[in-house]
Amino acid sequence: IYSMIVADNGDILACGNSGWGTGTISSFLLRLSSAGNILWRKQLNHAGTSNPVYKHLYLNGNDLYVLADESVDRSYFQLQQWDAVNGQLTWNKRLAVPGSNKLEAGLVTKIGDTVYALLSQYIPSDFEPTKIAARSLVTAFNDKGDYLSSFRLDIPEHDELGYDQALGEHLPSSYLQTTDNNFVVAAKRLSGAHGVTLTKFTPGGLAMW
């Protein structure tokens, strides 16, 4: 289980993945009542060499947004919209980000009519060329899933090092949406074993602090 959120009525929605390394790969979505009863559950069985790994959820009315990175081809990510009432898929978008060593899904949210997907993009460092650094990548879509725009923060550069499991994952940067509809990213500094950076920035890419 990667992400859980609570609806206004107390229902719980969750996403997760299973079967990595077994040859039977699946992703899950489910909705539970506040008493823990399953209202609906979806199991998606994947085939092929690169498959979505469900990471983050956001609920807006009856629209449930799911952000996923991928298991093998880490230059792609997927954004989906589901009907939170009956668990039916509304649309799915798969997008490539050229030049990425890999992408880690960080946050999906909606501000006004715009859906935002935030990811950590791993590319060679501008300041330490021998290292791979994580940069904050923000992509914007309309509520039909049509791509609108994107930007990447030049700084800070974050360290990619962390645990390395079967998926080749690393500790991702942490993203938050603030109450004033901006974003904060926190992660380990590229240089300095014990350093952490926190950056607040607008949905348009302006660093506030």
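Residues numbered from 1 in each chain as written. Predicted model: local features only at pLDDT ≥ 70, side-chain atom pairs only at ≥ 80, totals over all residues. Heavy atoms only, no water.

A. Highlighting the environment of Arg 189. Mapped onto the elements of the fold, Arg 189 is located in the loop between β15 (183–188) and β16 (196–201). C-alpha separation for the pair Arg 189 and Gly 48, spaced 141 residues apart in sequence, amounts to 35 Å. If sequence neighbours within four positions are ignored, Arg 189 has contacts with Glu 157, Asp 159, Gly 195, Val 196 and Thr 197. (Helix = DSSP H or I, 4+ residues; strand = E, 2+ residues; numbered from the N terminus. Contact = heavy atoms within 4.5 Å.)

B. Broad picture of the pattern of salt bridges. In the structure shown here, the tally under the stated rule is 10 salt bridges. Linking Arg 31 and Asp 11 is a salt bridge whose minimum nitrogen-to-oxygen distance equals 3.0 Å. Of this pair, Arg 31 sits in strand β3 (residues 25–32) while Asp 11 sits in the loop between β1 (3–6) and β2 (12–18), and the two are 20 residues apart along the sequence. Both residues of the pair, Arg 31 and Asp 11, count as buried. For Lys 131, the salt bridge identified is with Glu 128, shortest N-O distance 3.2 Å. Judged by relative accessible area, which is 24%, Glu 128 ranks as partly exposed. What you see here is one network of salt bridges that share partners, running through Lys 55, Asp 69, Arg 74 and Glu 104. (Salt bridge = Lys/Arg side-chain N within 4 Å of Asp/Glu carboxyl O. Buried < 20%, exposed > 50% of the residue type's maximum accessible area, 1.4 Å probe, protein only.)

C. Region of interest: a nonpolar patch on the surface. Taken together, the side chains of Val 196, Leu 198, Met 208 and Trp 209 make up a nonpolar region of the molecular surface, amounting to roughly 450 Å² of accessible area. With respect to the helices and strands, Val 196 occurs in strand β16. (Patch = residues over 30% accessible without salt bridge, like charges linked within 9 Å, V, L, I, M, F, W, Y side chains within 5 Å. Areas by Shrake-Rupley, 256 points an atom, 1.4 Å probe, with all protein chains shown as cover.)

D. Quick look at the sheet that holds β2. Pairing in this open sheet of four strands is antiparallel, and the strands run β1-β2-β3-β4 from one edge to the other. What marks the edges here is a single partner per strand, and that holds for β1 and β4 (38–46). Shown here is a sheet whose adjacent strand axes are inclined to one another by a mean of 10 degrees, direction ignored. (Pairing = 2+ DSSP bridges. Axes fitted to C-alpha atoms, helices over the stretch in contact; angles between N-to-C directions.)

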